[in-house]
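# Observations on the model geometry
Listed below are the residues making up each chain.
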Amino acid sequence: MSFVIECENLVKVFKSKPPIRALDEVSIKVPRGCIFGLFGPNGAGKSTLISILIGLTLPTSGSAKVLGYDTLRESLEIRKRVGVLPEGFSFYDNLTALQNLKYLGMLDGIPPDEVEKTAIGILNKVGLADRVNTKVSKFSRGMKQKLGIAQALLKNPELLIFDEPTVGVDPEGVIQFREFIQSLVKDGKTIFLSTHLLRDLGVVCTHTAIIRRGKIVVQGSMEELTQKMKGVKGYGYEIHIKTGDVNRLAEELRKFPRIIEVRIEGINKLKAFSEEELGNEIFMLLSKGGYQVEAMVSLKPEWEDLYKFYSEVS
Ligand SMILES: Nc1ncnc2c1ncn2[C@@H]1O[C@H](COP(=O)(O)OP(=O)(O)OP(=O)(O)O)[C@@H](O)[C@H]1O
Ligand SMILES: [Mg+2]
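Next up on the list: the overall build of the chain. For the chain, the count of helices and strands is 11 helices and 14 strands. Seen along its three principal axes, the alpha-carbon backbone of the chain occupies a region of about 75 × 45 × 35 Å. Looking at the chain as a whole, 35% of its 314 residues are labelled buried. When contacts within the chain are restricted to residue pairs at least 6 apart in sequence, those whose partners lie at least 24 apart make up 66%.

As structure tokens, then:
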């Protein structure tokens, strides 16, 4: 497996009074081609980690590689190849969106005869097509955020690092952003993003790490984390019947040996939780018992469930 970001035992202590241990032995591996979400509350260390990855902050100890380049010795190589939306990115207010991007594009080394076309194409992609010639001083916060995302794409990088990309973006913009990063991944890119907005971005992440007080609480692919959580919290099923007595069905389910809980949720609906996978057994019970089934779904944990679960067990 090839990793685009690998860091090992990163420690960052800010020498303030008192000193702050912003990162505490952080080790992360980000596989190529994924959407990796770094989730954590305010002050958890997300921006500090990103700043180290792009070589703007030196770690107190530990090491990190981005696209195989060492963040201490080869940060220029990293910055050439990685598109970054840092925290608090700002533009020239008196220039238009296009002028800002053209300027930044030239700094990125895009040839002058290509830079305008590239910039306009990207402004279209991020939903700023109608603001190309508007001065940034007239932009709302969400529009500035979209422009920040646009500048990260200028050099067509294979890896994108976004710090809190949806802060200040409206719900429609968040949906567009999700679709947008999924399309980037289809084009072969990798996305590493940080956020405390689980609801906004959890659903599109294929991999995650949860960070709290500078420590990685858990990391892995969504499947791994979901599976691990099910092992403790159980497998859940929602059963909706058309005919038959829901109370009788609940009683029958409660007789299953590894059942944790059966909850009646309406005149013809219930939820059952078990320590093991029970899909087939439940099907058999329903057909033998003469129940007509409207729907039966396996309950997937929500992002909030995962976050809460791993924050509690750590
Ligand atoms: N330059 C600095 N000097 C001293 N302490 C700092 C500095 N930068 C960050 N910190 C501290 O390091 C810790 C981690 O901060 P960081 O900005 O990385 O958190 P974050 O997860 O990005 O939070 P947020 O969600 O609010 O952006 C915090 O306790 C913060 O106060
Ligand atoms: Mg931050």
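Now that the structure has been shown, the text picks up again.
Turning our attention to the sheet that holds strand β5 (residues 69-70). Taken in spatial order, the 4 strands line up as β2-β1-β4-β5 in an open sheet, and their pairing is antiparallel. Either end of the sheet is taken by a strand with one partner, and the two such strands are β2 (20-31) and β5. Relative to strand β4 (residues 61-66), strand β1 (residues 3-14) runs antiparallel, the two sharing 5 bridges. Bridged to Val11 within β4 is Ser61.

Right, let's get into unusual backbone geometry. For the bond from Lys17 to Pro18, the omega torsion is -5°, close enough to zero to count as cis. With respect to the secondary-structure elements, Pro18 resides in the loop between β1 and β2. Despite not being glycine, Arg213 has its phi angle at roughly 45°, a positive value. With respect to the element layout, Arg213 can be found in the loop between β9 (207-212) and β10 (215-221). On the neighbour-count criterion, Arg213 (14 C-beta atoms within 10 Å) is partly exposed.

Before going further, it helps to spend a moment on the environment of Leu104. By secondary structure assignment, the location of Leu104 is in helix α3 (residues 97-107). Looking at Leu104, the number of C-beta atoms within 10 Å reads 20, which means it is buried.

On to the site of ligand 1, then. Close to ligand 1 lie 14 residues; Phe14, Ala22, Asn42, Ser47 and Thr48 are nearest. If you list the elements that add at least two residues to the shell around ligand 1, you get β2 and α1 (46-53). Residue contributions to the shell around ligand 1 peak at 3 residues, all from α1. In terms of residue class, the shell around ligand 1 is built from 4 nonpolar, 8 polar and 2 charged.

On to the nonpolar core, then. One finds Ala150 and Ile161 to be the most contacted residues of the largest nonpolar core, which totals 64 residues. Tallying contributions element by element places helix α5 (residues 141-153) first for this core, with 6 residues. Apart from the residues within four sequence positions on either side, Ile161 is in contact with Ile50, Leu53, Ile54, Val82, Val84 and Phe192. Within the second largest apolar cluster, 10 residues are counted, among which are Tyr237, Leu249, Leu253 and Ile282.

Ordered by their spatial adjacency, 6 strands build an open sheet running β6-β7-β8-β3-β9-β10, and the pairing between neighbours is mixed. Sheet topology places β6 (82-85) and β10 at the edges, where each strand pairs with a single neighbour. Across the sheet, the mean angle from the axis of one strand to that of its neighbour is 10°, orientation sign disregarded. Looking at chain direction, strand β3 (residues 35-39) and strand β8 (residues 190-195) are connected through 5 bridges and run parallel. Bridge pairing in β8 links Gly37 to Leu193. Sitting on the sheet, α5 is in contact with β6 and β7 (159-163), with an inclination near 165° to β6. Taken strand by strand, helix α6 (residues 171-186) contacts β3, β7 and β8, and its axis lies near 150° from that of β8.

Before going further, it helps to examine helix α10 (residues 279-288). Counting buried positions along α10 yields 1 of 10 residues, so the element is predominantly exposed. Just beyond α10, the residue with positive phi is Gly290, at close to 75°.

Where α3 contacts helix α4 (residues 112-125), the two axes come as close as 9 Å, and the packing angle between them is 130°. On the basis of their axis angle, the class for α3 and α4 is oblique. The way α3 lies across α4 gives a crossing that is right-handed. The residues of α4 that touch α3, namely those facing Ala97, Leu98, Leu101, Lys102, Gly105 and Met106, are Pro112, Val115, Glu116, Thr118, Ala119, Ile120, Ile122 and Leu123. The residue inventory of the contact of α3 with α4, partitioned by class, reads 10 nonpolar, 2 polar and 2 charged.

Time to look at the pairing of β2. As defined by bridge partners, β1 adjoins β2 across 8 bridges and the pair is classed as antiparallel. The residue bridging Phe3 from the neighbouring strand is Pro31, located in β2. Here β1 hands over to β2 after 5 residues, the two strands then running antiparallel side by side.

Rules used in this analysis
Residues numbered from 1 in each chain as written. Chains lettered and ligands numbered in written order. Predicted model: local features only at pLDDT ≥ 70, side-chain atom pairs only at ≥ 80, totals over all residues. Helix = DSSP H or I, 4+ residues; strand = E, 2+ residues; numbered from the N terminus. Buried ≥ 20, exposed ≤ 12 C-beta atoms within 10 Å, placed from the backbone. Contact = placed C-beta atoms within 7 Å. Pairing = 2+ DSSP bridges. Near = placed C-beta within 6 Å. Nonpolar A, V, L, I, M, F, W, Y, C, P; charged D, E, K, R; others polar. Core = buried A, V, L, I, M, F, W, Y, C linked by C-beta atoms within 7 Å. Axes fitted to C-alpha atoms, helices over the stretch in contact; angles between N-to-C directions. Parallel < 35°, antiparallel > 145°, perpendicular 65-115°, else oblique. Left-handed = near helix turned anticlockwise from the far one by under 90°.

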